[in-house]
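Structure at a glance
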Amino acid sequence: MSESPETHSLVSASSQLNLTDTEEIDDKEFDIPQVDTPPTLESILNEPEDEDESFILDDPSLLNIENIDAHSCETSSLASSDSGDRAHFKRRKKVADSFSSIHGSVLRHSILKGVSAQITSAADKVDAGLPTAVVVSSVIAVGTSHGLALIFDTHQALRLCLGSTTVGAQYGAVSSLSINHDCSRLLCGFAKGQITMWDLASGKLLRTIADAHPPGTAVLHIKFTDDPTLAICNDSGGSVFELTFKRVMGLRTCDSRCLFSGSKGEVCCIEPLRAKTELRDHPINQYSLLAMASLTKILIIGLKPSLKVWMTFPYGRMDPASVPLLSWHFVAIQNSVNPMLAFCRGDVVHFLLVKRDESGAVHVSKQKQLHLHYDLINLTWINSRTLLLLDSAEKLHVIDRQTQEDLETLDIADVQLVYNSSHFKSLATGGNVSQALALVGEKACYQSIGSYGGQIFYLGTKSVHVMMLRTWRERVEHLVKQERFTEALALAWSFHEGTAKAVIGLAGDPNKRKGVVADKMVEILFQYADRALKKCPEQGKLEVMEQYFEDMVPVMVDYCLLLQRTDLLFGQIYNKLSENSVAKSVFLECLEPYILNERLPGITPQIMKELLTYLQENGMMEDIETCIVHMDITSLDIQQLVQMCWENHLYDAMIYVYNSGMNDYITPMEKLFHAIGPTLHSGKSLTDEQVVMGNKLLVYISCCLAGRAYPLGDIPEDLVTLVKNQVYDFLICLHSQESDSEEEVYPYIRTLLHFDTREFLNVLALTFEDFKNDKQVVEYQQRIVDILLKVMVDNSDFTPSQVGCLFTFLARQLAKPDNTLFVNRMLFDQVLEFLCCPDDDSRHAERQQVLLELLQAGGIVQFDENRLIHLAERAEFYQICEFLYEKKHMYAQIVHCYLRDSVRKKEVFNYVHDILSIPGYSPEEKQSVWHKTMECVEELISVDPSKAADLVATHFADEIQVIIEKNKDQHLLFQFLKSLIDPRFSCPQEELGEGAQMNQEILQMNPNIIELYVELLCQYSPMDVKEFLQLSEHYRLDETNQITQKHQLYEASAYLLEKKGDVQGSFQVMLKVLKSKLSKLSNNEELNEKLLKDIEDTLEETISLCQRNSHSLNQQQRDALWFPLLEAMMSAQKLLKGPASQQTSESLKHLTKRVLNSMTGFIALPSVLKQILHDPVYGKGKLGEIKGLILGMLDTFNYEQTLLETTTNLLNHDLHWSLSNLRAAVSRGMNPKQDFCSICLQQYKRRQETAEEIIVFSCGHLYHSQCLQSKECGIHLQGHMRWICYKCNSSTKQGKHRDVMAEVRRGKASSLVQNKIGFGHPSGSTSGGLKSSSEATLDPQQIQAFDELRRLYKGTSRHAVLTELSHTRGNERYGLHNRAQGGFASSSIFLNENFKLHLAPPPATDD
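Describing the overall build of the protein
Of regular secondary structure, the protein possesses 54 helices and 35 strands. Scored against the burial criterion, the 1407 residues of the protein give a buried share of 49%. Within the protein, residue pairs in contact and separated by at least 24 positions form 61% of the contacts whose partners lie at least 6 positions apart. Of the roughly 67900 Å² of accessible surface on the protein, a fraction of 50% belongs to carbon and sulfur atoms.

Here's what the structure looks like:
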């Protein structure tokens, strides 16, 4: 049978692993230095990769795959890689455009059809049973459930059938297999515990081992080590044994040694370190390392020279059903090759690097962990950088170890993987295993997966599958075959740049590798272009075709540019796309962004011409302009291009063509000047297009004079000086080339000045700054300044603002230290006279601003300051005056400037505040401003009374009385005082600082100020008087009362009388007001709802007055308050007349009822009834007329009775509940933590011969009383012994212990003694058992516990609710200023929105 050209035989696999061939090693990937001689194995492996870790290249194809199912090779498509993982699918979709995140199909999934068919045939024909285990080396060995081992060669032909069904019936199923390193011996472990060794060359049985481990346990693992005479066995009892094979005198023997007993923790996975032939001389191999995974930890031990444990590593928290996994591989990190152990149990893979130091010691170090979102059942290295993980859902994950990136996911549920659960449960020997091991065995598949030479073999129930990494070319072609060209190109580019993962098959130096990949990408690009044209939608909607090509053409352009193959882009690919007009259009359009980003150098003239033609035909003129200024247009028709630009107003492009195509920098200026000059000179307004042209002209001139190209880049260095001189000559020329007799001199400068004076002068200023040391340029500058003065001075065409801009520009230039310009000073005087002309009221603000800018720019040195101040004051230029006064430190004069300036009057307050507050001014300067402000204070108040009050409160608090006397306008004074002292309008004290505090002290010393404000308040806002009096304090009651009475503000007078303590006088005032309003109501024949509302408000205030003061009066004084009020309300009813009297009477009766309800808490009920019955309105009528009043009083009585009874019930219930809980807590029995004394550590009944007390504490500690006494933990108090817990209190410092004893003496302790238990001598006790003695009263410890429990149970009890309710009700009824004082406390339960008080009448009782 012939070999496939892409495969090698299994027999020769080891010889073909040639790592020293320099043509097969990728220098860039492995960072191998250039040497004259071929590198050795160590030099290859010792060179670090990206993370200082080398990559060991395994042979990618070790099987003859002639009999492999070809169709199965396509099962690992990218579509299947997302199977079942929606989150993974979304991630792939999100990063599909990123080169680094496209990996293609990494795995090649194949089925060994020959092996699979013969396994099935053997099961059917010779009763071999189902497959149970697989191991791969130069052969494939498959164990069966009937005890057979089937050996297949490289061509998948059955070479040997070891064992028999008869032996299988005795030994059970093959549970594990192992082949030694030279593929000469096979070890078979069986489900019933036997082990056999076979010669793979002859098929001869060499050993049968039945006593290597305890009988009745299955062999879970049997593993050869690198020593052919040494193997490791792991059974279902969790034990591990070392098997040593010997041959003495022709007799084959086996010695067994237990390495780990299952009684100390069951081991369910073992993995000896086995090195490849190339690494057999590695120094770590002398230790014969073995990794073992138990149910709780990982162990790494050395079997040689003597048994030694090098490391243990506990798992931590994990799922008990998860499977422990182990896998070794040699990796290169930090210039040395060492073994790395990957282990996992659950969803975290740990990596341990094992090193040997110079002293011979083995060191194990943790590396970066791999966190997963799934549990693993298998873990296998493919190479030193890539791992293959199988999760519990039978999904295969290809993981790059360094980046921890999931390269591909493949569902292998169809494999029908064989699990080893029956062996872990030891069903063949009766199931005598632990539950923990049986639980792990549910997902154990150790013997179903084998690896060899970078290939992973999976044993199914009816087939054998192989997974291997595809070569880079296979991965790319796999995507091309699926017509996923974009992803294929992205993947190929990652190979080209060296960013791809799991790379196989790329060799040679980096340049050669890039060349190979680039050739492949070119091939894909041609296929992509052909496919794009072939699959193009049929002629239909243009939008559909455009969208189709817009998705494809930019991809081709991108990769051609990445590969730097513009010849390919503008040659073959463009020719192909030109076959379709839509594709050609899309191609030309997509070139624009590359041109703008300078990514498209070397564009051919043909493409350039076709692009401009296409854009012009489609009216995309702006795109033409942006493209032209980024292209080399020297190969195009310049004149035709200029004409097109001018006709389509592409001024940037036109300038660029002249500059770049012909080195002509003047002609564009002439064209733009001729476009805007005539319009400006005629005095007409410019169009929007002409404004754009003028702005471009200014920028263009600025660029030329600064040595920069327009619109981007720089002028060539050899042309900078020439261009600059040409532009200067052009600007200062006397006449234009096509001038007529009417043209004024210097037309170009004149045009620019008329277009935008300020911006043109800014351009000149920048130019003057750039060229300071150029003598010729300095001459040009002086010439331009002379022309500017000649053109603008004495010319009525220019406004003051324009003239001011010129002289501001000149002042800045003259103020420079290295100035070389000369300007006649008389010109500045002329400008000053012109700007400060008092007869010209036009443009006042503009002229002032121009002069201010001139002075600030340095022009002040050109003027006499005294003359300047005189002219500014005459012209009312107060900002100029301020500028000059500030320069002279005459800050007091600036106050006048603000007050005289109608625009800035209100800014004077901030200015004065800053001067008086900010440090940096001398005391004399501050004093002058202070005096000036005092002189103008009346005017300041007229400007803004509120701001004036703020200023006075801060800086003039001592002068308030003087300021008040100065002010004659009463209304302004009222506004000033309102902002100054009324707390409702004045600034908060924290904003005013110390001034506010001083203000309050002055008000206390001068109450006449507040009384003056009250007087003014009575005049201008009488409704606010009472509220102000309630909020303010610093006034005299008698004087203020006289003011309010003078203005007939009776409510305010009543408040003052009450505050003074004259309750009766206050009541009489309120009663008088109430009676007057009732009199008006009785005289009014119609219903007056407004008057009724007014009466109701007055009555409410009167009732509140009576309630607030009744608690401090005797019964006679209360009667004098309430009965006149009741009399007033009742007598008013008999005076009613008119048609609306009935309705009014009902309203008054309702108000009377409110008076009665309010007074019942203070006046005895019989007195109230007596008063009602003696009243003419109610006394002469029938009972029905007073029924409503009486029933209302009875309702009030019932409510209060219900409230009292409910309160009593709540208090009783609360008390019972609290005492019940406390009693249960105190009487609860104690449960000691141990049965021995915490001091002597002896059991509490150690000494039966003497009676002894046992002390039990609430903390659970138990002591003998004698032990406590020996530690001085007891003290006699009041005839009783008091104890503290020694262990809880003596562990601290001795000083603290003394403090605890002092607390005990005061009746406190930190631990509660619950019980004292005594023991009696058998002869002295009737029971000989335990007897309990208790205290009749609570000791201090129990009292402390009682208090602690009360604190723990403490909450918002109903008692607390009702207590607060009574306090609140009392405050509302009796308090004078309860609202002003804040009402309820912030912690009140009534502020809780969920608070409810449910009251119900008491239950009815039978008499």
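Side note on the sheet that holds strand 2 (residues 131-136)
With antiparallel pairing, the four strands of this open sheet are ordered in space as 2-3-4-5. Since the sheet does not close on itself, it has two edges, and those belong to strand 2 and strand 5 (158-162), each with one partner. Put simply, the sheet's adjacent strands are angled 20° from each other on average, direction ignored. As paired elements, strand 4 (residues 149-152) and strand 5 share four bridges and run antiparallel to each other. Paired with Ala149 across the two strands is Leu162, which belongs to strand 5. Along the sheet face, helix 5 (residues 113-125) touches strand 2, strand 3 (140-144), strand 4 and strand 5 and points at about 150° away from the line of strand 4.

Observations concerning the environment of Ile595
Checked against the element boundaries, Ile595 lands in helix 15 (residues 581-596). Here Ile595 falls in the buried class, since its relative accessible area comes to 4%. For the pair Ile595 and His630, spaced 35 residues apart in the sequence, the C-alpha separation amounts to 6.4 Å.

Let's talk about the pairing of strand 17 (residues 308-314)
Across six bridges, the pairing between strand 16 (residues 297-302) and strand 17 is antiparallel. Each bridged residue has a counterpart across the sheet, and for Ile298 the counterpart in strand 17 is Phe313. Linking strand 16 back to strand 17 in an antiparallel pair, the connection comprises five residues.

A word on the nonpolar core
Core analysis: the biggest nonpolar cluster contains 133 residues, and Phe587, Ile628, Ile633 and Leu788 have the highest contact counts within it. Discounting chain neighbours no more than four positions away, the residues touching Ile628 are Leu612, Ile633, Leu641, Met644, Cys645, Ala653, Tyr656 and Val657. Leu279, Tyr446, Leu469 and Ile504 belong to the second-largest nonpolar core, a separate cluster that totals 73 residues.

Some words on helix 42 (residues 1050-1060)
Buried within helix 42 are the following residues: Ala1052, Ser1053, Ala1054, Tyr1055, Leu1056, Leu1057 and Glu1058. Check the buried side of helix 42 and you find it contacts helix 40 (1025-1031), helix 41 (1037-1046), helix 43 (1063-1083) and helix 44 (1089-1110). Following helix 42 by one or two positions, Gly1061 adopts a phi angle in the positive range, close to 110°.

Quick look at the pattern of salt bridges
For side chains of opposite charge, pairing can occur when their charged atoms come near one another. Inspection of every chain in the model, using the stated rule, returns 30 salt bridges. One salt bridge connects Glu477 with Lys520, and the closest N-O pair in it is separated by 3.1 Å. One end of the pair, Glu477, is in helix 9 (residues 472-481); the other, Lys520, is in helix 11 (residues 510-534), and 43 residues separate them in sequence. Ionic pairing is found between Lys932 and Glu935, a salt bridge with its closest N-O pair at 3.7 Å.

So, unusual backbone geometry
Cis geometry marks the peptide bond from Lys304 to Pro305; its omega dihedral reads -10°. Along the chain, Pro305 falls in the loop between strand 16 and strand 17. Residue Tyr710 is joined to Pro711 through a cis peptide bond whose omega torsion reads 5°. As for its position among the elements, Pro711 is in the loop between helix 21 (688-706) and helix 22 (720-732).

A closer look at the sheet that holds strand 16
Taken together, the four strands give an open sheet; going across it, the order is 14-15-16-17, and neighbouring strands pair in antiparallel fashion. Among the strands making up the open sheet, the edge pair consists of strand 14 (267-272) and strand 17. Strand-to-strand twist across the sheet, computed as the mean angle between neighbouring axes with direction ignored, equals 20°.

Points about a negative patch on the surface
Where like charges cluster on the molecular surface, the negative patch consists of Glu543, Glu546, Glu550, Asp551 and Glu589. Looking at which element gives the most residues to the negative patch, the answer is helix 12 (residues 542-550), with three residues.

Re the confidence of the model for the protein
The pLDDT averaged across the protein works out to 77; a share of 76% of its residues lies at or above 70. Considering only residues more than four positions removed or in separate chains, one finds that residues 1-100, a stretch of pLDDT under 50, has 228 contacts. In the model, residues 1368-1390 has pLDDT below 50 throughout and makes 30 contacts with residues more than four positions away in sequence or in other chains.

Focus: the packing of aromatic side chains
Across all of its chains, the model carries 24 aromatic pairs by this definition. Ring geometry for Trp472 and Phe495: centres 5.9 Å apart, planes at 70°, overall edge-to-face. Remark: Phe495 occurs in helix 10 (residues 485-497) and Trp472 occurs in helix 9; sequence separation between them is 23 residues. Each member of the pair, Trp472 as well as Phe495, carries the same accessibility label: buried. Here Trp646 and Tyr651 contribute two aromatic rings whose centre-to-centre distance is 5.8 Å and whose plane-to-plane angle is 75°, an arrangement assigned as edge-to-face. Of the residues examined, Tyr651 reaches a relative accessible area of 3% and is grouped as buried. Following the ring pairs from residue to residue traces out a cluster consisting of Phe974, Tyr1013, Tyr1020 and Phe1028. One Lys or Arg, Arg401, reaches over the ring of Phe351 and ends 5.6 Å from the middle of that ring.

Focus on the packing of helix 11 against helix 13 (residues 553-562)
For the pair helix 11 and helix 13, interaxial distance at closest approach is 11 Å and the crossing angle is 165°. The angle between helix 11 and helix 13 places the two elements in the roughly antiparallel class. Regarding helix 11 and helix 13, the two cross each other, and that crossing is left-handed. The segment helix 11 lies against helix 13, with Met521, Leu525, Tyr528, Ala529 and Ala532 engaging Val555, Met556, Tyr559 and Cys560.

Points about the side chain of Thr1040
Along the chain, the position of Thr1040 falls in helix 41. Residue classification places Thr1040 among the buried residues on the basis of a relative accessible area of 0%.

A closer look at the environment of Leu1113
Counting through the fold element by element, Leu1113 comes out in the loop between helix 44 and helix 45 (1115-1131). Judged by relative accessible area, which is 17%, Leu1113 ranks as buried. With 50 residues separating them in the primary sequence, Leu1113 and Val1063 have C-alpha atoms 9.7 Å apart.

Some remarks on the pairing of strand 26 (residues 405-411)
Within strand 26, five of the seven residues are buried, which leaves the element mostly enclosed by the surrounding structure. As consecutive antiparallel partners, strand 25 (residues 395-400) and strand 26 are separated by four residues, and within that stretch Gln404 has a phi angle of approximately 60°, a positive value.

Focus: the packing of helix 42 against helix 43
One can describe the packing of helix 42 onto helix 43 by two numbers: an axis separation of 7 Å at closest approach and a directional angle of 160°. Considered as vectors, helix 42 and helix 43 are oriented roughly antiparallel to each other. Here helix 42 and helix 43 pass one another in a crossing that is left-handed. Listed contacts from helix 43 to Tyr1050, Glu1051, Ala1054, Tyr1055, Leu1057 and Glu1058 of helix 42 are Gly1065, Ser1066, Val1069, Met1070, Val1073 and Lys1077. Considered class by class, the residues forming the contact of helix 42 with helix 43 number seven nonpolar, two polar and three charged.

Definitions and limits used
Residues numbered from 1 in each chain as written. Predicted model: local features only at pLDDT ≥ 70, side-chain atom pairs only at ≥ 80, totals over all residues. Heavy atoms only, no water. Helix = DSSP H or I, 4+ residues; strand = E, 2+ residues; numbered from the N terminus. Buried < 20%, exposed > 50% of the residue type's maximum accessible area, 1.4 Å probe, protein only. Contact = heavy atoms within 4.5 Å. Areas by Shrake-Rupley, 256 points an atom, 1.4 Å probe, with all protein chains shown as cover. Pairing = 2+ DSSP bridges. Axes fitted to C-alpha atoms, helices over the stretch in contact; angles between N-to-C directions. Core = buried A, V, L, I, M, F, W, Y, C linked by side-chain atoms within 4.5 Å. Salt bridge = Lys/Arg side-chain N within 4 Å of Asp/Glu carboxyl O. Patch = residues over 30% accessible without salt bridge, like charges linked within 9 Å, V, L, I, M, F, W, Y side chains within 5 Å. Lys, Arg positive; Asp, Glu negative; His and termini not counted. Charge placed at Lys NZ, Arg CZ, Asp CG, Glu CD. pLDDT = per-residue confidence, 0-100. Phe/Tyr/Trp six-rings, centres within 6.5 Å; stacked < 30°, edge-to-face > 60°. Lys NZ or Arg CZ within 6 Å of the ring centre and 35° of its normal. Parallel < 35°, antiparallel > 145°, perpendicular 65-115°, else oblique. Left-handed = near helix turned anticlockwise from the far one by under 90°. Nonpolar A, V, L, I, M, F, W, Y, C, P; charged D, E, K, R; others polar.

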